[in-house]
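# Examining the three-dimensional arrangement
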Amino acid sequence: MPAIPPNVRGAVITGWGSALPLKVITNHDLEQTIDTSHDWIVDRTGIHQRHVGGSTVGLSVESGRATLEMSGVELSSIDALVLATTTPDRVVPASAATVQHQLGLSCGAYDVNAACSGFVYALVQAHGMIAMGAKKVLVIGTDTLARITDWTDRNTAILFADGSAAVVLEAVEGHGQLLGWDLDADGAAEKFLYSEVGGLIQMDGKEVFRRAVRIMVDSATKSMNHAGITADEVALVVPHQANIRIIQASLDRLGLPMEKTALVLHRTGNTSSASIPLALADALDNGRVKKGDLVLLVGFGAGMTAASAVLRWGGTTADGADPAVLP
Ligand code: ACO
């Protein structure tokens, strides 16, 4: 992908929020139903528990509402709602349309399916809309993978879960927060991870693992190059929360220490489109990001897709001043 042209209208994130279903399934719960163990799951994935339940619309409305409240934007000022999801509640209409109605918005609304890379795809699109004149965009990442998981298959049942998280992007004077981005897909690899319409997830775990590390490193490197930064300048990495060993191997190759990583995987499992914004919201809630920090988002998923973005938290202007949010 090309580098961002100079002088495009930029954006900053001014609010965030998340939602997890109340029901928790621990590894010990899974020991009762499939041939596995808590220790094996923790050792091979880093996951201790996962939240399951709810609908894609219901979770999106919850995280979307929390996000809008935090940012304090007028509902009527939202220009677009982009919902990243692999698990819409219906084939048509887009779940985003129902979420738009339930949140009381009056804007364009559509779903994006790029599997676990979906949130970064949607975030990049939202910046594009702002460059073209939109002022405020709500971006939500939600998945309800429990509904398409075979709970008798120990290969996948240990990994997947449900959740949602969102951000509000607002246009600013100046360049904004997005310094570099990359979106990739390799349809030839679709056979390693897929679900037919109405079916359950089929996965070749070893092949996905092998490819995931390669494409995360490749995508993150492209984004950092476009942003003109090096790995040691990154303050926080927010990787797709699929497997702690994939994250460790990727960060190792990128020369980034695990202390710089946002992690919620141990308590959420793999929530696909929700995974990166859930980890980002958690890091922000815990004060791990300060103004001016460089944040690297990087994910991979079925497709096989990969996506990454480098953000300078709070944005930048040509003279280094704080960019003003446009009314
Ligand atoms: N519990 C206990 N033992 C198990 C389990 C289990 N759940 N699963 C496999 N085993 C056993 C195997 O039978 C094997 O035993 P053996 O050595 O006696 O033959 C041994 O454990 C090792 O099995 P592997 O398949 O080699 O285990 P691996 O370390 O590869 O872990 C896993 C499997 C966790 C699925 C891993 O391959 C993985 O995470 N892959 C990536 C999957 C992923 O991230 N998918 C999401 C993509 S994002 C999206 O779009 C949704």
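Below, the structure is looked at part by part.

Cut-offs used in this document
- Positions within a chain are numbered from 1, following the residues in the order the chain's sequence is written.
- Totals for whole chains, interfaces and linings use all residues, but because this is a predicted model, local features are given only for residues with pLDDT of at least 70 and pairs of side-chain atoms are given and counted only at 80 or more.
- Side-chain calculation: all heavy atoms of the structure are included, whereas hydrogens and water are not.
- Secondary structure elements are defined from DSSP: runs of H or I of at least 4 residues count as helices, runs of E of at least 2 residues count as strands, and each element is numbered from the N terminus.
- The atom set for the radius of gyration is the C-alpha atoms, and the globule formula is 2.2 Å times the number of residues raised to the power 0.38.
- Any residue under 20% of the maximum accessible area for its type is buried, any over 50% is exposed, and the rest in between are partly exposed; the area is computed with a 1.4 Å probe on protein chains only.
- Whether two residues touch is decided by their heavy atoms; if any such pair falls within 4.5 Å, the residues are in contact.
- Shrake-Rupley sampling with a 1.4 Å probe provides the accessible areas, and residues are treated as covered by the protein chains on show and by no other component.
- This count recognises Lys and Arg as positive and Asp and Glu as negative, with His and chain-terminal groups excluded.
- Working definition for charges: the position is that of NZ of Lys, CZ of Arg, CG of Asp or CD of Glu.
- Only a single heavy atom is needed: when it lies within 4 Å of a molecule or strand, its residue is near that molecule or strand.
- We call two N or O atoms a polar contact when they sit within 3.5 Å, provided that within protein one can donate a hydrogen and the other can accept it, with sequence-adjacent residues counted only if both atoms are side-chain atoms.
- Only Asp, Glu, Lys and Arg are considered charged in this grouping, and only Ala, Val, Leu, Ile, Met, Phe, Trp, Tyr, Cys and Pro are considered nonpolar; every other residue, Gly among them, is considered polar.
- How far each domain reaches was decided by an automatic or database domain assignment.
- Residues enter a patch when their relative accessible area is above 30% and they make no salt bridge; the linking distance is 9 Å between like charges and 5 Å between nonpolar side chains (Val, Leu, Ile, Met, Phe, Trp, Tyr).
- The rule for a salt bridge is simple: a side-chain nitrogen of Lys or Arg has to be within 4 Å of a carboxyl oxygen of Asp or Glu.
- Strands are treated as partners if at least two bridges between them are detected by DSSP.
- Axis definition: a line fitted to C-alpha atoms, over the contacting stretch in the case of helices. Angles run 0 to 180 degrees between N-to-C directions.

### Comments concerning the overall build of the chain
Looking only at helices and strands, one finds ten helices and 13 strands in the chain. In terms of overall dimensions, the chain is globule-like: its C-alpha atoms have a radius of gyration of 18 Å, near the 20 Å expected for 327 residues. Viewed in the frame of its principal axes, the chain has a C-alpha envelope of about 60 × 45 × 40 Å. Burial statistics for the chain: of 327 residues in total, 56% are counted as buried. Of the contacts made within the chain by residues no fewer than 6 positions apart, 77% connect residues no fewer than 24 positions apart. For the chain, the computed accessible surface area is about 13100 Å², with 52% contributed by carbon and sulfur atoms. In the chain, which carries 24 positive and 34 negative side-chain charges, the distance between the mean positions of the two groups comes to 2 Å.

### Looking at the site of the ligand
Taken together, 27 residues surround the ligand, and among them Thr36, Arg44, Cys116, Lys206 and Asn243 come closest. A distance of 2.9 Å separates an oxygen atom of the ligand from a polar side-chain atom of Arg154. Relative to its free-state accessible area of 1000 Å², the ligand is covered by the protein chains to the extent of 75%. Contributions of two or more residues to the shell around the ligand are made by helix 2 (38–45), helix 6 (154–157), helix 7 (205–227), helix 8 (244–254) and strand 12 (294–301). Sort the elements by how many residues they give to the shell around the ligand and helix 7 lands first, with four residues. Classifying every residue of the shell around the ligand by side-chain character gives 14 nonpolar, eight polar and five charged. Structurally, the shell around the ligand is a two-domain feature, drawing no fewer than three residues from each of domain 1 (11–171) and domain 2 (177–316).

### Here we look at helix 10 (residues 275–285)
Counting buried residues in helix 10 gives nine out of eleven residues, a clear majority hidden from the surface. For helix 10, every residue scored as buried is listed here: Ser275, Ile276, Pro277, Leu278, Ala279, Leu280, Ala281, Ala283 and Leu284. Positive backbone phi, at 65°, marks Gly287, one or two positions downstream of helix 10.

### A closer look at a nonpolar patch on the surface
Taken together, the side chains of Val91, Val92 and Val197 present a nonpolar region at the surface, about 380 Å² in accessible area. Along the chain, Val197 falls in the loop between strand 9 (193–194) and strand 10 (202–203). Among the residues examined, Val197 registers a relative accessible area of 80% and is labelled exposed.

### Quick notes on the side chain of Ser95
For Ser95, the location among the structural elements is in helix 4 (residues 95–103). A distance of 3.0 Å separates a polar atom in the side chain of Ser95 from the backbone nitrogen of Asp89.

### Topic: the sheet that holds strand 6 (residues 136–144)
Spatial strand order, 1-7-6-4-5: five strands in an open sheet with mixed pairing. Of all strands in the sheet, those with a lone pairing partner are strand 1 (10–19) and strand 5 (108–112), marking the two edges. Adjacent strand axes in the sheet meet at a mean angle of 20° when their direction is disregarded. Here nine bridges tie strand 1 to strand 7 (residues 162–172), and the two strands are oriented antiparallel to one another. Across the sheet, Ile13 pairs through a bridge with Leu169, a residue of strand 7.

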